[in-house]
Amino acid sequence: MYLHVDMDAFFAAIEERENRHLCGKPVVISGPLTPRSVVSTANYEARKYGIHSAMPTLRAKQICPHAIFLPPRLGFYHHITTQLNEIFLRYTPLVEFLSADEAFLDVGKTAHLFGGPLAVAHSIQQTIENELNLPASVGGAPVKYVAKIASDWDKPKGLVLVKQEDLLDFLSPLPLKKIWGVGPKTVLRLKRLGLNTVLDIRQRSLTFLTKHLGQLGNHLWNMAHGIDGRSVADPNEFSRERKQISAERTFEKSLTSTQAVTSIIRQLAERLTYRLRKKSATIRQVTLKLRFNDFRTITRNKTLKEPTDHCQVIDLVAQQLLQSYFSKKPFQPVRLIGLGVQDLSSDRLRQMSLFGEHDFAKQSKVEKTKESIRNLYGPTSISSGYIKGPKAGMS
Ligand SMILES: [Mg+2]
């Protein structure tokens with residue numbers, strides 16, 4: 001059984017808790033009243049006016065001039081996320097945070113200790129309320145993505161559990177936008193095929209779906225049948241075995257060009273490579289994390305064909321992830337960039353398939369020189385500038 005715990009209007013609820021005079025008034029957490037700024041969180045009172053997250057702050061001010069606008073206090077909110085994590089860990093070691101205010105908990109092996117799935121879900125919600133004085137919604141289901149739908153079902157302070165035997169009935173009437181990975185454009189595409197609800201998907205054959213939709217068809221078929229192979233990553237195992245290394249940078253002023261972003265990625269790739277080399281390790285996976293002005297955070301990752309410990313490969317893959325993300329949408333200012341490499345192993349066998357041997361040997365010399373400089377003067381003593389070229393492929 002998976003639980004999805006989602007805090008209700010998290011940032012706004014924290015501010016209300018800290019300043020009781022805010023209660024009952026429309027509260028908007030956002031950047032300053034400038035054209036670039038967007039709403040981060042609106043409390044339920046503000047939502048009555050139609051204000052929602054990611055809405056331009058000026059627009060929110062226009063439709064509800066008497067709303068109280070507050071700047072986000074990220075450090076403080078982060079502290080509360082840590083407290084949330086401590087609560088979750090009392091119920092299961094398997095906790096996976098999706099963002100500051102929502103997490104999956106795998107209670108499959110521990111729920112019986114607390115009286116079963118419903119009792120454990122209720123207890124978590126109550127503990128958050130009693131100890132943190134904050135509202136949370138909890139959803140539960142035998143598959144992850146359904147738990148997430150369930151937590152959203154009855155907000156705020158919702159508690160919805162979907163049992164295995166009710167799974168398909170629960171899913172059937174849902175509009176397809178509720179399905180993991182289905183955005184507004186996909187909804188239109190599915191509509192043209194006469195697919196509007198989960199039941200519509202289930203009534204088509206897998207052959208029909210893959211013929212018209214390719215991989216997406218396969219994904220939808222699985223989702224519609226309640227099949228979701230993902231589990232909750234064990235955070236302890238992860239850190240114990242040091243299977244990943246990551247580095248990130250937050251910017252006081254958001255980066256407003258792809259050039260700026262690519263050059264930071266390059267620097268992060270160098271930092272990671274330095275740490276990898278110290279461990280004599282190679283990696284198989286690269287993850288890029290971007291946080292935008294509205295605090296929306298996305299991560300994209302790619303698994304490599306061959307393990308590597310080479311800066312240009314890590315950099316190249318990260319740049320490709322960046323490029324493919326922004327190829328679908330206009331550039332948005334970036335306030336945080338994170339780069340991670342996963343699947344560490346001490347496997348030194350490297351077969352380069354991304355670069356020709358020639359290129360690779362040449363670059364290796366440069367890398368070696370840089371590495372010795374770093375060894376002498378520290379990890380940040382030398383780094384590359386951004387070089388525009390076909391490999392990075394950015395424009
Ligand atoms: Mg939330």
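Refer to the preceding data block for the structure.
The numbering scheme is per chain: residues are counted from 1 as the chain's sequence reads. In keeping with the model being predicted, local features are shown solely for residues with a pLDDT of at least 70 and side-chain atom pairs are shown and tallied solely at 80 or more, while totals for entire chains, interfaces and linings include all residues.

> Help me understand the overall build of the protein, please; the structure alone is not making it clear to me.
Think of it this way: any DSSP run of H or I at least four residues long counts as a helix, any run of E at least two long counts as a strand, and we number them from the N terminus. Along its length, the protein carries 15 helices and 12 strands. Looking at the 395 residues of the protein, the share that counts as buried comes to 33%. What counts as a contact here is a pair of residues whose C-beta atoms, placed from the backbone, lie within 7 Å. Restricting the contact set of the protein to residue pairs at least 6 apart, pairs at least 24 apart contribute 62%. In this scheme the burial state of a residue depends on its C-beta neighbours within 10 Å: 20 or more other such atoms mean buried, 12 or fewer mean exposed, and anything in between means partly exposed; the C-beta positions come from the backbone.

> How should I be thinking about the pairing of strand β1 (residues 2-7) in this particular structure?
Regular strands show a simple pattern: their side chains alternate between the two faces of the sheet. Across the six residues that make up β1, a large majority, six, are buried. Because side chains alternate across β1, one face comprises the buried residues Y2, H4 and D6, and the other comprises L3, V5 and M7, equally buried. Bridge analysis of β1 against strand β7 (residues 136-141) gives six bridges, and the strand direction is antiparallel. Directly across from D6, in β7, lies its bridge partner S137. Strands were regarded as paired on the criterion that DSSP finds at least two bridges between them.

> Can you help me understand the sheet that holds strand β2 (residues 27-30) in this one?
The strands making up a sheet associate through backbone hydrogen bonding, with each pair oriented either parallel or antiparallel. Taking strand neighbours across the sheet as the criterion, the three strands line up as β3-β2-β4 in an open arrangement whose pairing is mixed. In this open sheet, the two edge strands, each paired with only one partner strand, are β3 (39-42) and β4 (68-70). Across the sheet, the mean angle from the axis of one strand to that of its neighbour is 25 degrees, orientation sign disregarded. Sheet topology places β2 next to β4; three bridges connect them, and they run parallel. When the sheet's bridge partners are listed, I29 is paired in β4 with L70. The axes used here are C-alpha line fits, helices contributing only the stretch in contact, and every angle between their N-to-C directions lies in the interval 0 to 180 degrees.

> Explain the sheet that holds β7 to me, please; I cannot follow it from the model alone.
Strand order in the open sheet formed by five strands is β5-β6-β1-β7-β8, with mixed pairing between adjacent strands. Edge strands, defined here as strands with exactly one partner in the open sheet, are β5 (95-99) and β8 (159-161). Adjacent strand axes in the sheet meet at a mean angle of 15 degrees when their direction is disregarded.

> I tried to follow the nonpolar core on my own but got confused; where do I start?
Generally speaking, soluble globular proteins have nonpolar side chains that are buried together. Membership of the largest hydrophobic core comes to 61 residues, with the highest contact counts inside it found for L3, V28, L105, V146, A150 and L220. These domain boundaries are the output of an automatic or database domain assignment. Two domains each put at least three residues into this core: domain 1 (1-160) and domain 2 (172-224). Those residues in contact with A150, other than ones at most four positions away along the chain, are H4, G139, G140, A141, V160, L161 and V162. Throughout this description, the term nonpolar core refers to a group of buried Ala, Val, Leu, Ile, Met, Phe, Trp, Tyr and Cys residues whose C-beta atoms join them within 7 Å. L288, C311, V313 and L316 belong to the second-largest nonpolar core, a separate cluster that totals 25 residues.

> Before we go on, may I ask you to explain the packing of helix α13 (residues 258-279) against helix α14 (residues 311-326) in this structure?
Packed helix pairs are characterised by how far apart their axes lie and by the angle those axes make with each other. In contact at an axis separation of 9 Å, α13 and α14 are set at 145 degrees when each is read in the N-to-C sense. For the crossing formed where α13 meets α14, the hand is right-handed. Contact residues: T258, V261, T262, I265, R266, A269, E270, L272 and T273 in α13; C311, I314, D315, A318, Q319, L322 and F326 in α14. Here the nonpolar group is Ala, Val, Leu, Ile, Met, Phe, Trp, Tyr, Cys and Pro; Asp, Glu, Lys and Arg are the charged ones; every other residue, Gly included, is treated as polar. In terms of residue class, the contact of α13 with α14 is built from nine nonpolar, four polar and three charged. Crossings are classed by handedness, with left-handed meaning an anticlockwise turn of the near helix from the far one by less than a right angle and right-handed meaning a clockwise turn.

> Looking at this structure, I do not really get the pairing of strand β10 (residues 283-292). What am I missing?
Sheet topology places β10 next to strand β11 (residues 297-308); eight bridges connect them, and they run antiparallel. Residue pairing across strands places K289 opposite T299, the latter belonging to β11. With eight bridges joining them, β10 and strand β12 (residues 334-342) adopt antiparallel strand pairing. Within β12, the residue paired with T287 across the bridge is G340.

> Please explain the environment of Q83 as it appears in this structure.
With respect to the secondary-structure elements, Q83 resides in helix α4 (residues 74-89). Along the primary structure Q83 and I128 are separated by 45 residues, whereas in three dimensions their C-alpha atoms are 9.2 Å apart.

> Can you walk me through helix α1 (residues 10-18) in this structure?
One turn of the α-helix equals 3.6 residues, which is why residues spaced by three or four share an orientation. By the criterion of burial, α1 is predominantly enclosed, with seven of the nine residues buried. What α1 keeps buried is the set F10, F11, A12, A13, I14, E15 and E16. Taken together, the buried residues of α1 touch β1, β2, β3, β4 and α4.

> What's the story with helix α11 (residues 215-224) in this structure? I'm lost.
Burial in α11 covers these residues: G217, L220, W221, M223 and A224. Seen from one end, α11 has its buried residues packed into an arc of 165 degrees, which puts them on one side. Phi turns positive one or two residues past the end of α11, at G226, with a value near 70 degrees. In this context, the arc is that of the directions from the helix axis out to the C-beta atoms.

> I would appreciate a short explanation of the environment of V261 in the present structure.
Mapped onto the secondary structure, V261 falls in helix α13. Taking the C-alpha atoms as reference points, V261 and P333, separated by 72 residues in sequence, lie 9.4 Å from one another. Not counting residues within four places of it along the chain, the set of residues in contact with V261 comprises L255, L322, V334 and I337.

The values are spatial; any link to function lies outside them.
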